[in-house]
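Descriptive structure summary
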Amino acid sequence: MSGRIDQILAVCGLTFTEAVRQKFFYIVVLIGCGMLLGSGYFQQFDFGIDELKFVIDFSFGTLFFLGSILVITAGTQLFYSEIENRTAHTLLAKPIRHFDFLLGKLCGVQLLMLLFVMILCGLLTGLLYLRVQALPFMEGDVLVRYGELWLYGFLQWARFGVLGAVCLLVGSFARSYLYAMMVSFFFMLVGQLQYIAQESYREIAFLPLRWLVQALAWVFPNLQVFNVGDQLGHMQAEGLPFLVVLQLLWYAAAYILVYLWLAWWNFKRREL
Amino acid sequence: MKAKSAVEYPLLERLQSWAVALLVLVGAALVLKPVKDVCWEAVQAGQAELRVDSLNESVGQGVVLGVLGGLRSLVADFAWLELNRKWEARDRAGLGAMIQLVTSIDPRPEFFWINSARMIGYDVPHWRIAEAGGYGLVSETEQATINMEQAMQALALLDQALSYHSGSARLKLEIGQIYLNRLQNYELAADWFLKATKEKDAPYFAGRVYADLLVRLHREREAYAFLKELYLNLPEDPMAQGDIVLERIRELEERLGLAGEAVFHSGAD
């Protein structure tokens, strides 16, 4: 058993090392940090909401948007490059199981995403702390709930895990890198919009279309459940019950397992 | 003759893979449904824009929300700047489209709804009258029709806003103002001012305006009772302007012919 864990950790370590050496990762991190640092500038274009809420919204949006791009691009690339360069062939010729290989890959990508989330959340916490110190406020007032900023980051990380597993599934049957990436992006988009299908299928009168829409809601996970930015961080935000946080994590973990299993099911039957 | 296995038929094998994948995904969706429903309910409760009332309206908004997440507030701000450009150019069609766009992208700020309603209800009638030849040429009946049409559009927009901000005193006051200033319908204006006073973020003046409207509707006794109640519940805040409320109470007592024991004893007398 410890041998299998060592193998998974080895694949994970290699995947992570390869990922952090990629220029793309640095570019995305730099853009993310730039956007967060520039949120004060963008705030002058804001009309509707208060300054801290704007900075929190903007930063959550950056984390969500850039993180999705990073996980799909890096996840697909790191898996597919193993197939394209035939290194997967060499690796799987050794006594490493297909499932362990996929799990190691996913863990490597998740480590990369953890680093990304921590950098952005750390920067956001620092920025907000400095801004709050400069604002006139009554002692004891809590303008920003810093812990919730990290909770949002953690929940997004769980969502990135689902997307990472989707990339493995798509990569397990895709014949080209570009195809795998595009399909993963579409998958994410459908997952984000699935709630519309789920909520409105009853309105559709045309029966086959109604069934199709209902099927969409069954096949794709509702990724919009992780869109909890409005409920976290700001003093006026309602917060998220602990039970809901646990259930969100359970929802993500279950889908990660399902996609990982499906990826394995496809991958083991694939001729490399 | 030996039967061929699925592996010997690539299409069958592929179909088998798809069938397994679909079965697993549908199974997972069914098993996880209770968990997802609880999470979804909690997320929807905090974000009104996630409630899907109409498919047509929700698709565009859903795409923005799904793809941009928190970045939508910045996109909406830039769209608002463009909306102001249309307003300056007195482009009615463009203004309507931009209002729809801004409020769809980010329906959270009341600022967008209130200012859009003001443009529709107060500015556009002047543009339409000017386009038709100006106040000198357009008959009063036509002017009233234009005012009515635009006011109804503004009210429809604010009604839509209330579906996102049901407890907003500012939106209710804005509706009251349109009934009062554009439609001169004091009855409905009073109703909306009263609704606004019941919200926790209601400004102090809302109650005073409501009482004034009751007086205009010749419901002095109601206004008197309301002001007495209002005065007794005012906080110790100079902004609450308790002296003005008391002054109005005294005016009404005079008008109602109340004297002696019948007058209100404020404790400040």
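The next subject is the overall build of chain B. Across its full length, chain B holds eleven helices and zero strands. Its helices and strands taken in sequence order, chain B reads α-α-α-α-α-α-α-α-α-α-α from the N to the C terminus. Here the C-alpha radius of gyration of chain B, 28 Å, is well above what a compact globule of 269 residues would show, namely 18 Å. Along the first, second and third principal axes, the C-alpha atoms of chain B reach 115 × 55 × 30 Å. In chain B, buried positions account for 33% of the 269 residues.

Attention now moves to the overall build of chain A. A count of helical and extended segments in chain A gives ten helices and zero strands. Principal-axis analysis of the C-alpha atoms gives chain A an extent of 65 × 50 × 35 Å. Taking the contacts inside chain A whose residues are at least 6 apart along the sequence as the reference set, 81% of them involve residues at least 24 apart.

The next subject is the confidence of the model for chain B. This prediction gives chain B a mean pLDDT of 87; 90% of its residues lie at or above 70. As scored by the predictor, the complex reaches a pTM of 0.82 and an ipTM of 0.83.

Residues and elements named next belong to chain B. Looking at chain B, the domain boundaries give domain 1 (72-202) and domain 2 (204-269). Relative to domain 2, the C-alpha centre of domain 1 lies at a distance of 31 Å. The partner domain 2 presents eight residues to the eleven residues of domain 1 that form the contact. A class-by-class count of the residues in the side of domain 1 that touches domain 2 yields nine nonpolar, one polar and one charged.

This part takes up the nonpolar core. Counting residues in hydrophobic clusters, the biggest one holds 82 residues, and the most contacted among them are Ala-165, Leu-168, Tyr-259, Leu-260 and Ala-263 of chain A. Put simply, the parts of the chain that give this core at least two residues each are helix H1 (2-20), helix H2 (23-37), helix H4 (51-84), helix H6 (98-134), helix H7 (146-173), helix H8 (177-200) and helix H10 (242-269) of chain A together with helix H1 (10-46) of chain B. Dropping the residues within four chain positions of it, Ala-165 of chain A is found in contact with Leu-106, Ile-256, Tyr-259, Leu-260 and Ala-263 of chain A. Ile-105, Val-124, Ala-223 and Ile-249 of chain B belong to the second-largest nonpolar core, a separate cluster that totals 49 residues.

Before going further, it helps to spend a moment on the interface of chain B and chain A. Taken together, the 44 residues of chain B in the interface contact 46 residues of chain A. When residues of the side of chain B that touches chain A are traced back to their parent elements, those giving at least two are H1, helix H2 (55-68), helix H3 (72-88) and helix H5 (110-131) of chain B. Looking at the side of chain B that touches chain A, the element that brings in the most residues is H1 of chain B, giving 18 residues. For the side of chain B that touches chain A, the class distribution of residues is 30 nonpolar, nine polar and five charged.

Quick look at H1 of chain B now. Along H1 of chain B, the helix axis deviates most sharply at Lys-33 of chain B, where the bend reaches about 55 degrees; the proline Pro-34 of chain B sits within four residues downstream. The inward-facing, buried residues of H1 of chain B abut H10 of chain A.

Turning our attention to the environment of Asp-100 of chain A. The topology assignment puts Asp-100 of chain A in helix H6. Ignoring sequence-local partners within four residues, the contact set of Asp-100 of chain A consists of Arg-4, Gln-7 and Ile-8 of chain A.

Right, let's get into unusual backbone geometry. Residues and elements named next belong to chain B. The backbone of Gln-184 sits at a positive phi, close to 50 degrees, despite the residue not being glycine. Within the secondary structure, Gln-184 is located in the loop between helix H7 (169-182) and helix H8 (186-197). Assessed through the 10 C-beta atoms surrounding it within 10 Å, Gln-184 is described here as exposed. The phi angle at His-218 is positive, at roughly 60 degrees, despite the residue not being glycine. Taking the number of C-beta atoms within 10 Å as the measure of exposure, His-218 has 9 and is therefore exposed.

The next thing to look at is the packing of H6 of chain A against H10 of chain A. When two helices pack together, you describe them by how their axes are tilted relative to each other and by the distance separating the axes. Residue and element names in this part refer to chain A. It is at 9 Å that the axes of H6 and H10 come closest, and there the two elements cross at 130 degrees. As far as their axial angle goes, H10 and H6 are oblique. The way H6 lies across H10 gives a crossing that is right-handed. Here H6 contributes His-98, Phe-99, Leu-102, Leu-103 and Leu-106 to the contact with H10, which in turn contributes Leu-260, Ala-263, Trp-264, Phe-267 and Lys-268. Looking at the contact of H6 with H10 residue by residue, the class counts come to eight nonpolar, one polar and one charged.

Okay, the environment of Met-35 of chain A next. Mapping Met-35 of chain A onto the fold places it in helix H2. Distance from Met-35 of chain A to Ala-165 of chain A, taken between C-alpha atoms, is 28 Å for residues 130 residues apart in sequence.

What follows deals with the packing of helix H4 (residues 92-105) of chain B against H5 of chain B. All names here are of chain B. Contact pair H4 / H5: the axes reach a minimum separation of 11 Å and the direction vectors enclose 170 degrees. It follows from the interaxial angle that H4 and H5 lie roughly antiparallel. Note on element contacts: H5 touches H4 through Phe-112, Trp-113, Ser-116, Met-119, Val-124 and Trp-127, opposite Arg-92, Leu-95, Ile-99, Val-102 and Thr-103. Classifying every residue of the contact of H4 with H5 gives eight nonpolar, two polar and one charged.

Reading guide: rules and limits
Residues numbered from 1 in each chain as written. Chains lettered and ligands numbered in written order. Predicted model: local features only at pLDDT ≥ 70, side-chain atom pairs only at ≥ 80, totals over all residues. Helix = DSSP H or I, 4+ residues; strand = E, 2+ residues; numbered from the N terminus. Rg over C-alpha atoms; globule rule 2.2 N^0.38 Å. Buried ≥ 20, exposed ≤ 12 C-beta atoms within 10 Å, placed from the backbone. Contact = placed C-beta atoms within 7 Å. pLDDT = per-residue confidence, 0-100. Domains from an automatic or database assignment. Nonpolar A, V, L, I, M, F, W, Y, C, P; charged D, E, K, R; others polar. Core = buried A, V, L, I, M, F, W, Y, C linked by C-beta atoms within 7 Å. Bend = angle between axes of the 7 residues up to and from the residue. Axes fitted to C-alpha atoms, helices over the stretch in contact; angles between N-to-C directions. Parallel < 35°, antiparallel > 145°, perpendicular 65-115°, else oblique. Left-handed = near helix turned anticlockwise from the far one by under 90°.

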